[in-house]
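Architecture at a glance
Residue-level listing of the chains:
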Amino acid sequence: MIHGIEAQIEAMRAIWPDFAMVERDGDAAAWEGPVRPLLQTYRVGIFYRAPLLIENLDPRRLQPRVSVLNPQLRPRPGDREGRLPHVYYGPNGGVTLCLLDPEAGDWSPADLLAETTIPWTIEWLAAYEGWRATGEWTASGRHVEVARR
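As a starting point, this report considers the structure included with it. (Residues numbered from 1 in each chain as written. Predicted model: local features only at pLDDT ≥ 70, side-chain atom pairs only at ≥ 80, totals over all residues. Heavy atoms only, no water.)

**Examining the environment of Phe19**
Cut-off, in case you're wondering: Under the DSSP-based scheme used, a helix requires at least four consecutive residues in state H or I and a strand at least two consecutive residues in state E, with every element numbered from the N terminus. Should any heavy atoms of two residues lie within 4.5 Å, those residues are considered in contact.
Within the secondary structure layout, Phe19 lies in the loop between helix H1 (5-15) and strand E1 (20-25). Sequence-wise, Phe19 and Val35 are 16 residues apart; in three dimensions their C-alpha atoms are separated by 9.3 Å. In this view, Phe19 contacts Met12, Trp31, Glu32, Gly33, Pro34, Val35, Val44, Ile46 and Ile118; residues no more than four positions away in its chain are not counted.

**Remarks on the nonpolar core**
Put simply, the test is: Here the nonpolar core consists of buried residues drawn from Ala, Val, Leu, Ile, Met, Phe, Trp, Tyr and Cys, with membership extended through side-chain atoms lying within 4.5 Å. Note on exposure labels: buried denotes an accessible area under 20% of the residue type's maximum, exposed denotes more than 50%, and partly exposed covers the range between, all computed with a 1.4 Å probe on protein chains only.
With 33 residues, the main nonpolar core has Trp31 and Trp124 as its most contacted residues. At the level of secondary structure, the elements contributing two or more residues to this core comprise H1, strand E2 (28-35), strand E3 (42-49), strand E4 (65-70) and helix H3 (117-134). For this core, the element with the most residues is H3, which contributes six residues.

**Focus on the pattern of salt bridges**
Rules: A side-chain nitrogen of Lys or Arg and a carboxyl oxygen of Asp or Glu constitute a salt bridge if their distance falls within 4 Å.
Enumeration over the complete set of coordinates arrives at three salt bridges. In this structure, Glu32 and Arg43 form a salt bridge, with 3.7 Å as the shortest nitrogen-oxygen distance. A residue pair is termed long-range when its members are at least 10 positions apart, and Glu32 in strand E2 and Arg43 in strand E3 qualify at 11 residues. The class of Arg43 is partly exposed, set by a relative accessible area of 35%.

**Quick look at the side chain of Gln8**
Put simply, the rule is: Under this definition, polar contacts are N or O atom pairs within 3.5 Å; protein pairs additionally need one hydrogen-donor-capable and one acceptor-capable atom, and for neighbouring residues in sequence, both atoms have to be side-chain atoms.
Relative to the assigned elements, Gln8 resides in helix H1. Engagement of the side chain of Gln8 in a polar contact is seen with the backbone oxygen of Asp111, the distance being 3.0 Å. Residues contacting Gln8, with those up to four places away along its chain left out, are His3, Trp31, Tyr48, Pro109, Asp111, Leu112 and Leu113.

**So, the sheet that holds E1**
Heads up, the condition is: Any two strands with at least two DSSP bridges between them are considered paired. The angle between two axes is taken between their N-to-C directions and runs from 0 to 180 degrees, where each axis is a line fitted to C-alpha atoms and a helix contributes only its stretch in contact.
Pairing is antiparallel across the open sheet formed by four strands, whose spatial order is E1-E2-E3-E4. Of all strands in the sheet, those bounded by a partner on one side alone are E1 and E4. Across the sheet, the mean angle from the axis of one strand to that of its neighbour is 20°, orientation sign disregarded. In the sheet, E3 pairs with E4 via five bridges, with the strands oriented antiparallel. Looking at the pairing, Arg43 lines up with Asn70 of E4. Across the sheet, H1 lies against E1, E2 and E3, angled at about 15° from E2, the strand it touches most. Relative to the sheet, H3 contacts E2, E3 and E4, its axis offset from that of E3 by approximately 140°.

Now the structure itself:
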């Protein structure tokens, strides 16, 4: 069963009360809130548009978009290329996190963001903190380029 935006909003409110819905437009919503994986607290933004029943349910296009709002993600010290691992770079320079492998069936619109996206964001940020310190990425999964809308 596909969860509509109302179910997503209610689950976010119940499970992650510190996440505020900052935008709502029809079947789309955006939230902002704090997470603390290990060493510091991050403010993250999540945007999601629930699909229509007649849409192709391709997770490559429908997955939630997660960005770190504060503090800004940084490459490792001394990294001349300045690239971050497991992220998608947008045409305007924005960065969204790679949280899932759409080919592995990790996520679908039948999943609640509060039960998947936020825990995966915390795991991603823990791996990011470790990568900044050691140069090794420890999170599970593989990075897959996704066609953006």
